[in-house]
Amino acid sequence: MNIISVRKLWKTYGEQVVLENLNLEVKEHEFVTIVGASGCGKTTFLRMLLGQEAPSRGEFLLDGRPLPNEPGPDRGIVFQRYSVFPHLTVLENVMLGLELDGRSPSARLLGRAFGSRRREARERARAMLVEVGLDAARDKYPSMLSGGMQQRLSIAQSVICNPRILLLDEPFGALDPGISSDMHRLILRLWERHRMTIFMITHDLREGFELGTRLLVFDKTRLDAQAPDAFGATITYDIPLNVKGNRLLQELDAATARTERFREEVELA
Amino acid sequence: MRLVNRKPGRMAALSLGALPFVLLLIAYLVASGLRLAENPDDKLMPSFASIGAAIHQVAFTENPRSGEIVLWSDTWASLKRLGIALGASALIGLCLGILIGIVPYLRAALAPFITALSMIPPLAILPILFIVFGLDELSKVMLIVIGIAPFIVRDIALRVGELPAEQLIKAQTLGAGSWPLMLRVVLPQMWPRLIDALRLSLGAAWLFLIAAEAIASTDGLGYRIFLVRRYLSMDIILPYVVWITLLAFCMDYALRLLSRRLFPWAEAGARR
């Protein structure tokens, strides 16, 4: 079954249409990269995946059930910045998810783990830090780390909780170009090893093509110069990146046909 | 070189900092000398010798009747009131501030009320406090708490609101419920903010303390100042004022040091 199904999804704020007639099926372990001009609903889409926004019309399903209406541990997130905790050391930042998780009374009452659970959390966090190359910095506070290291930390923090879906909101947008390629290798390795489904918003088209197994382009198909908010954005291209040759052409044809059909449906409606 | 680009060295900065104090002392000495030359019984600007004698009297000599040293018993009484009031205000400020800052329903219910409460001039309700809580310790402590707690509550609530939304969402994706979120993410980040808020409200706390002691008390620094005012005892009032200032300064400094020592992560963040 598909992990994410979006059917005839609309998102409007009053008169303003942000997303219109969005349709999307995503299988488990896909790496979906999302590109598009600013103001084309990428962030709104991500916020819906997080559970911060509800659809105005249509369905947004996770495993065939409507998405919960608040963030949860099944969907991890890495923002462009501000997503690590400044008051915790690197190791504590990674341990946090393990300490908060679970039905044990100490987790629910104090948000902490004790004794053997704590030791186990520490071991797992150490292993995770080794995996992302931050073990040497484990006792530092985030403010002492470079931007790239902070993003590694944020990724480690989310991945250790084994989320089924990992959302990346322009995670490397603020980093030096040289660092990005390291980060790309890291994220691909984690994606392989932990078998997550990844949605990644990026401004860098090249990054989108390089990392994803599938690239979505968000854009407005119709524009009214007199009323720029009257029409929303939708997925205009859905490009499979892990297939080549004739398969690719077929997939592209099918994708274009799907888009065309939706457009007709919209125009009829 | 432009004036705005010239920076004093360490020694120069120290001496420049001391300069206004020295100037003030000199001005006092000169004025006091002139007045005393004209009228040796002048009480308004006593000489350093008579101030010294008064200090000796209040700070180092036991009162023959009670066996207490006046300055120390006054200081102890005042600091006790101040300490209890600051502690209570900090506790109220932290708990209510975090709840108002993070729980939208509580914010809706309490924020306007706290804002209105903080607009009441505390001295205006001092008579009510005396009537309700009596004339002893409780009413004085309550005056300080009412004076500064609403400010701390509002300040902490604002600081909680300034936490990046990304952080709070991230914590939820790590499995944090509301309570662990407050406990592990919000509260620890509010400690240094609380100390800042306390430092900022120290001045007001002293003001309310002195006012309460002046009106109804039998000991305390404020009580003493207002008592000896009847005899125009500037030789006692002036050292007391200096002593209060010194105490306030030391408390501020101690809080700053404490914050730096306990929360190194906040310092590192502030420097960037």
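Everything numeric in this text was worked out from a predicted model, so none of it was measured.

Asks: Would you explain the domain arrangement of chain B in this entry?
Replies: Where interface size is quoted, it is often the accessible area lost as the parts come together. Taken domain by domain, chain B holds domain 1 (3-45) and domain 2 (70-271). Put simply, the middle of domain 1 of chain B and the middle of domain 2 of chain B, counted by C-alpha atoms, are 33 Å apart.

Asks: Sorry, what's going on with the nonpolar core here?
Replies: Looking at soluble globular proteins, one finds that nonpolar side chains tend to be buried together. Of all hydrophobic cores here, the largest spans 98 residues; its most connected members are Ile187(A), Ile198(A) and Ile98(B). Leaving out residues up to four positions away in the same chain, Ile187(A) has contacts with Phe31(A), Ile155(A), Leu166(A), Leu168(A), Phe172(A), Ile198(A) and Leu211(A). In terms of nonpolar packing, the next biggest core, distinct from the first, is built from 31 residues, Ile4(A), Leu9(A), Leu216(A) and Phe218(A) among them.

Asks: I'm lost on the side chain of Glu170(A) in this one. Help?
Replies: All names here are of chain A. Note that glutamate 170 resides in the loop between strand S7 (165-169) and helix H6 (177-194). Here glutamate 170 sits buried without a salt bridge, and the closest side chain of opposite charge, lysine 42, lies 5.2 Å off (N-O distance). Polar contacts involving the side chain of glutamate 170 include one to the side chain of histidine 203, which spans 3.2 Å. Every residue in contact with glutamate 170, bar those within four places of it in the chain, is listed here: Gln80, Ile201, Thr202 and His203.

Asks: Just checking my understanding: could you explain the interface of chain A and chain B for this structure?
Replies: If you look at the interface, chain A gives 35 residues, while chain B gives 23 residues. Together, the buried faces of chain A and chain B total about 2500 Å²; carbon and sulfur atoms form 66% of this surface. Interface area lost by chain A to chain B is led by Phe85(A), His87(A) and Leu100(A), which between them contribute 24%. We note a salt bridge from Glu99(A) to Arg184(B), for which the minimum N-O separation is 3.3 Å. Put simply, chain A and chain B have six residue pairs in polar contact (both at pLDDT 80 or more) between them. Contributing elements (two or more residues each) for the side of chain A that touches chain B: strand S6 (75-78), helix H2 (90-100), helix H3 (105-110) and helix H5 (147-159) of chain A. Across the side of chain A that touches chain B, the residue classes tally to 18 nonpolar, twelve polar and five charged.

Here is what the cut-offs are and how they apply
Residues numbered from 1 in each chain as written. Chains lettered and ligands numbered in written order. Predicted model: local features only at pLDDT ≥ 70, side-chain atom pairs only at ≥ 80, totals over all residues. Heavy atoms only, no water. Domains from an automatic or database assignment. Core = buried A, V, L, I, M, F, W, Y, C linked by side-chain atoms within 4.5 Å. Buried < 20%, exposed > 50% of the residue type's maximum accessible area, 1.4 Å probe, protein only. Contact = heavy atoms within 4.5 Å. Helix = DSSP H or I, 4+ residues; strand = E, 2+ residues; numbered from the N terminus. Lys, Arg positive; Asp, Glu negative; His and termini not counted. Salt bridge = Lys/Arg side-chain N within 4 Å of Asp/Glu carboxyl O. Polar contact = N/O pair within 3.5 Å; in protein donor to acceptor, adjacent residues only side chain to side chain. Buried area = accessible area lost by both parts, 1.4 Å probe. Nonpolar A, V, L, I, M, F, W, Y, C, P; charged D, E, K, R; others polar.

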